Amino acid sequence: MNPALKRIRSRLIWMSLLGLVMAIGSFIVGQWIYARTDDQCTWRVRNDKVIILEILPDGVAEEAGLLEGDELLKIQGRRVAPTQAGLNAAQGLIDSKPEGTVLSYVIKREGEELSVPVRLVKPFNSYQFSILLNAIIFWFVSLLVVMSTPERKSSRHFFYLGCMGLLMAAGARGTTAAWPQPLAILAGLCLLTVISLGPPLCLHFFLRFPHPFELRKNRTFLALLYGGFVLLGLWLLVAPGVAKVVGLKANEIQIPLPVVISLCMAAVGFGVAFFTRGWRLSSPAQRQVMALPLAFTYAILVDICILGFLGQVTFKDSLLFGRRQWIFMAPMAVLPLSFGWAIVRHGLFEVRKALIRWLGYFFVLGTALTLYLAGLALLFGQGLSLIPPAWAGALVGVLALPLGWALRALLRTIRRRFKRDISSTREILLGSLRESKQRLSDRGLLRNLEEAVKEAFRPQILLLQRVEGAALALPALDTQDEDGQPLRLGPAVLIIPANLLRHARDNRELVLGLGSEEADWIREQGPEVRALVDALDLQLLVLFLAHDQPHSALLIGGKYADLGYGREDRELLRELALAAGGMLETALLHHKVIAQERIEQELATARRIQEGLLPKVPQIPGFQVALRLEPAMETGGDLLFVKRRPSGRWIAAVGDISGKGLAAALYMAQATALLELASCREDQSLEEMLEALDQTLRVLLGQRGFLTLAVLEWDEEGCYSLARAGHPGALLMESKESFEELYPHGRGLGLRPAGPGDWAVQRGQLPPGGWLILYSDGLTEAMDRKGDLYGLDRMRGQLQRLWATGSVRAACEAIFTDVAHYETQNRDDRTLFILGREAGIDLSEEAAS
């Protein structure tokens, strides 16, 4: 239920019940129980005579033969005095007789006295019925408006005006002389309440609608407005008593009725003036909406003015006009209808939910009360007034018991009509989980759940949101404030507290109420979040857990027909959340397996591509070459490059890209391509080559990426040049005992900030039988269970042990095998390049000979 409607719900109920009972009861009691008996002719005192001025066509007086102009002398043998008191006494005699009584009228016509029998009737008062009907329509429309837009003050003011209409219909019977004194006083109080509150409410309403004026906030003006009319009503109430105390006639100190009517009409007129001014100040779209009620307002004002003029001046004593003036009241029903339509249209609110349930309840309630009171009137009639009050009250109470049970049964029937059976609701909700095609898709599963909840409960709003950590995103909303002004509530983040998440995990309480009474944790997050939740009319949060972690949530608004979510509904939603959580876990695991397989396939493809980039073992006369690269994962960031330059010299490089995995492999491919390009330029030295690589890699590798590199260049005579850029140094073995580390100076490539590389080139000649080794730190930094590194000394021992074989390939394989057996942790990419010069005749000497 809308929180604003929940706050004023009891007020709407008791005000509506009170107004309906007063208005309908007043009409029924005044029409049938204490109705005035009528002879359907009009007498007035003229020239000290009681003259019959008007005969109602087709009435009982005409049937009896009375004529206009006859002088009334006696009724039932009692002389009618030619004074107002005499007329009142004669009317009292008629009122004391039941319907159908025949009275003897003695009249004087053309100097002759005649006795005429007249049958009395209780005619239906169409004028009072039209007032009642208009009042009920006004109340009905105002109730519809306030229930569809309860947060707006203008709609609440409109409802108060509708209740004033009901009180006006109840007080309009207060002038009937046949009423008992207590009921006449009660009806008079209703009329005084309308006089005291109706005009200021009307003016205040038009200060708010359709355009809000600043005067509506002026407390001094409002105090004078309401206080003045309340004082007017109090004076009208106490004036007769004050007149008796001071010994004056009531009309001497009472405010004249024309003055009271003028004050009320002035307040209404000012209200209409503000209405017209507000219409002009509104937007074009609002002016178009408000044009219809504005036109009807002026038309009804003109209609009332014409009715007042004709009733008070032209046809003041006309019985026929009095019985036909309901025709002037009939169009007034259009005015509240047009205003109700304009208010709802102006506020852009939906009214169907109010029509479905609440108006059905009040219609049943009003109908039941009407039938009850009408039944009492028909069964007992005047006899009810003859029963002692205590017994009459007991009788009415006893007869109200079956009415109450019948009314309760009707209301429960209406509720069941709009409340879906719990079994069918369970079938709708849990049936969505049995859709085999969606079981392994979390998105499809949640989409099916959303559609099922929408079908089962038909909520006013339904939001399916992913839970990021413990946060839910609430959308922005364009609404209106209490004065009808446009108001935009920005998006907000609703954070589920950790204790609620823990409670949901431990106790599987997955349905959380979002109402202001049961969700203090929302208020603690700020008034903006609370206001947005209320404006969206969110009532429940259904949490879906996967692997005990919040995955997503359903935010559910008001239920269909404005019904609340009962215990059975919440338990069913909890059952749904539990079942959906298990299926979500299966779907996520399925996605994870598929993603893992896809990644493995992609990595295997990347590994094949990277292996395709590795150089083949070249066949170089007079030299042996062994090389091997083994990534720590499917792909790696170590670089191994061998190529013959256009001059005939060979170049080899071993490098290490920062990082591991696919990203490092991509950077390695880019660095290999750059080396390929640089090695094709014969005029570029190693220093220039490293400088060019440094500049390019600084752009490619980003802020933290870098490349360490060792570059070796040699010719057919074994003359080599070695440059190093932050990489481990090369090893030179000229004999089994001769072991030297070559460490030319040089900075890593691509480092930030940019700086001088200071790359030095170390030159020498590899003797016959000598080896030059380039390696990456993945070999020397391999670690065993104790945390000890493999180290350069162990690798040197392996090289020295295998140097005598003269096979660099055997040495390469032996080192990789030894490292694999040694290493138990800290796995890294491993790369090894060994260049060995064959022992034997020097090629240069052989060529010279």
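Residues numbered from 1 in each chain as written. Predicted model: local features only at pLDDT ≥ 70, side-chain atom pairs only at ≥ 80, totals over all residues. Heavy atoms only, no water.

Undergrad: Is there a simple way to explain the overall build of the chain in this structure?
TA: If you tally the helices and strands in the chain, you get 29 helices and 24 strands. Long-range pairs, those at least 24 residues apart, make up 69% of the contacts in the chain between residues at least 6 apart in sequence. Just so you have it, the chain exposes about 41800 Å², and 58% of that area is on carbon and sulfur atoms. (Helix = DSSP H or I, 4+ residues; strand = E, 2+ residues; numbered from the N terminus. Contact = heavy atoms within 4.5 Å. Areas by Shrake-Rupley, 256 points an atom, 1.4 Å probe, with all protein chains shown as cover.)

Undergrad: Honestly, the sheet that holds strand 14 (residues 549-557) in this entry has me stumped. Any pointers?
TA: What links the strands of a sheet is backbone hydrogen bonding, and the strands pair in either a parallel or an antiparallel sense. The sheet built from four strands is open, its strands ordered 7-14-13-12 with antiparallel pairing. The open sheet has two edge strands with one neighbour each: strand 7 (462-466) and strand 12 (511-513). Shown here is a sheet whose adjacent strand axes are inclined to one another by a mean of 20°, direction ignored. In this sheet, strand 14 lies alongside strand 7 in antiparallel orientation, the contact comprising five bridges. Paired with Leu-464 across the bridge in strand 14 is Leu-554. (Pairing = 2+ DSSP bridges. Axes fitted to C-alpha atoms, helices over the stretch in contact; angles between N-to-C directions.)

Undergrad: Looking at this structure, I do not really get the nonpolar core. What am I missing?
TA: Generally speaking, a soluble globular protein has its nonpolar side chains buried in company with each other. Grouped together as the largest cluster of nonpolar side chains are 55 residues, with contacts concentrated most on Leu-429, Leu-541, Leu-543, Phe-544, Ile-556 and Leu-573. Among the elements that make up this core, the one with the highest residue count is strand 13 (residues 538-546) (eight residues). Sequence-distant contacts of Leu-543, defined by excluding residues within four places in its chain, comprise Val-467, Ile-496, Leu-501, Ala-504, Leu-510, Pro-550, Ser-552, Ala-553 and Ala-577. By size, the runner-up hydrophobic cluster in this structure holds 25 residues, among which are Ala-653, Ile-657, Leu-701 and Leu-709. (Core = buried A, V, L, I, M, F, W, Y, C linked by side-chain atoms within 4.5 Å. Buried < 20%, exposed > 50% of the residue type's maximum accessible area, 1.4 Å probe, protein only.)

Undergrad: Before we go on, may I ask you to explain the packing of aromatic side chains in this structure?
TA: A ring pair, where both rings are aromatic, is described by two values, the distance of the centres and the angle of the planes. In the structure shown here, the tally under the stated rule is 12 aromatic pairs. Here the aromatic rings of Trp-139 and Phe-140 are separated by 6.4 Å at their centres, their planes lie at 65°, and the arrangement is edge-to-face. When the ring of Trp-714 is compared with that of Phe-833, the centres are 6.3 Å apart and the planes differ by 40°; the resulting orientation is tilted. One end of the pair, Trp-714, is in strand 18 (residues 707-714); the other, Phe-833, is in strand 24 (residues 830-837), with 119 residues separating them in the sequence. A relative accessible area of 1% places Trp-714 in the buried class. Phe-833 sits in the buried class, given a relative accessible area of 0%. A connected cluster of aromatic rings, assembled from ring pairs, spans Phe-138, Phe-158, Phe-205, Phe-206 and Phe-275. (Phe/Tyr/Trp six-rings, centres within 6.5 Å; stacked < 30°, edge-to-face > 60°.)

Undergrad: Teacher, can you tell me more about the pattern of salt bridges here?
TA: Side chains bearing opposite charge may pair, as long as their charged atoms lie close to each other. Evaluation of the coordinates by the stated rule reveals 17 salt bridges. Between Arg-574 and Glu-571 there is a salt bridge; the shortest N-O distance is 3.2 Å. Residue Arg-574 and its partner Glu-571 are located together in helix 23 (residues 567-613), separated by three residues, close to a single helical turn. According to the relative accessible area criterion, Glu-571 is partly exposed, its value standing at 42%. In this structure, Lys-643 engages Glu-676 in a salt bridge whose closest nitrogen and oxygen atoms are separated by 2.9 Å. You can see Lys-643 sitting in strand 16 (residues 638-644) and its partner Glu-676 sitting in helix 24 (residues 661-679), a full 33 residues away along the chain. Residues participating in the shared-partner salt-bridge network are Arg-628, Glu-630, Glu-813, Glu-823 and Arg-830. (Salt bridge = Lys/Arg side-chain N within 4 Å of Asp/Glu carboxyl O.)

Undergrad: Help me out: how do you make sense of the sheet that holds strand 17 (residues 650-657) in this one?
TA: The five strands are arranged 16-17-18-19-22 in an open sheet whose pairing can be described as antiparallel. The open sheet has two free edges, formed respectively by strand 16 and strand 22 (761-765), since each of these has just one partner strand. Each strand axis lies, on average, 15° off the axis of its neighbour in the sheet, ignoring direction. Relative to strand 18, strand 17 is paired through eight bridges, and the arrangement is antiparallel. By the bridge assignment for strand 18, Ala-652 is matched with Leu-712. Relative to the sheet, helix 24 contacts strand 16, strand 17 and strand 18, its axis offset from that of strand 16 by approximately 20°.

Undergrad: Mind showing me how you'd approach the confidence of the model for the chain here?
TA: Keep in mind that low pLDDT regions are not for reading the predicted coordinates in detail. In this model, the chain carries a mean pLDDT of 80, and residues with pLDDT of at least 70 account for 80%. Confidence drops under a pLDDT of 50 for residues 347-356, and excluding neighbours within four residues, the segment shows 22 contacts in the predicted structure. Across residues 841-849, confidence stays below pLDDT 50; counting only partners more than four residues off in sequence or on other chains, it has six contacts. (pLDDT = per-residue confidence, 0-100.)

Undergrad: What is the right way to look at helix 4 (residues 126-148) in this model?
TA: Residue pairs spaced three or four apart in an α-helix point in one direction, given the helix's 3.6 residues per turn. When the terminal C-alpha atoms of helix 4 are compared, their 33 Å separation across 23 residues agrees well with the 33 Å that a helix rising 1.5 Å per residue should span. Burial of helix 4 is extensive: 17 of the 23 residues sit out of reach of the surface. (Expected span 1.5 Å × (residues − 1).)

Undergrad: I would appreciate a short explanation of the packing of helix 5 (residues 153-171) against helix 6 (residues 181-208) in the present structure.
TA: Axis angle and axis distance: for two packed helices, these are the angle between their axes and the distance between the axes, and together they describe the pair. Relative to each other, helix 5 and helix 6 sit at 155°, their axes nearing to 8 Å. By the angle class used here, helix 5 and helix 6 are roughly antiparallel. Crossing of helix 5 over helix 6 shows left-handed handedness. Two secondary-structure elements touch here, helix 5 through Lys-153, Ser-154, His-157, Phe-158, Tyr-160, Leu-161, Met-164, Leu-167, Met-168, Ala-170 and Gly-171 and helix 6 through Ala-187, Cys-190, Leu-191, Thr-193, Val-194, Leu-197, Gly-198, Leu-201, Cys-202, His-204, Phe-205 and Arg-208. (Parallel < 35°, antiparallel > 145°, perpendicular 65-115°, else oblique. Left-handed = near helix turned anticlockwise from the far one by under 90°.)

Undergrad: In this structure, what is going on with the side chain of Asp-38? I would like to understand it.
TA: Among the secondary structure elements, Asp-38 is positioned in the loop between helix 1 (3-33) and strand 1 (41-46). A polar contact of 3.0 Å, which involves the side chain of Asp-38, links it to the backbone nitrogen of Gln-40. Residues within four places of Asp-38 in sequence aside, it is in contact with Val-60, Ile-94, Leu-120, Val-121, Pro-123 and Arg-323. (Polar contact = N/O pair within 3.5 Å; in protein donor to acceptor, adjacent residues only side chain to side chain.)

Undergrad: I keep staring at the packing of helix 24 against helix 25 (residues 686-700) and nothing clicks. Help me out?
TA: Between helix 24 and helix 25, the shortest axis-to-axis distance is 11 Å and the interhelical angle comes to 150°. As judged from the angle between their axes, helix 24 and helix 25 are roughly antiparallel. Here the hand of the crossing between helix 24 and helix 25 comes out right-handed. Here helix 24 contributes Tyr-667, Gln-670, Ala-671, Leu-674, Leu-675, Ala-678 and Ser-679 to the contact with helix 25, which in turn contributes Met-689, Leu-693, Thr-696, Leu-697 and Leu-700. Along the lines of polarity and charge, the residues of the contact of helix 24 with helix 25 split into nine nonpolar, three polar and no charged. (Nonpolar A, V, L, I, M, F, W, Y, C, P; charged D, E, K, R; others polar.)

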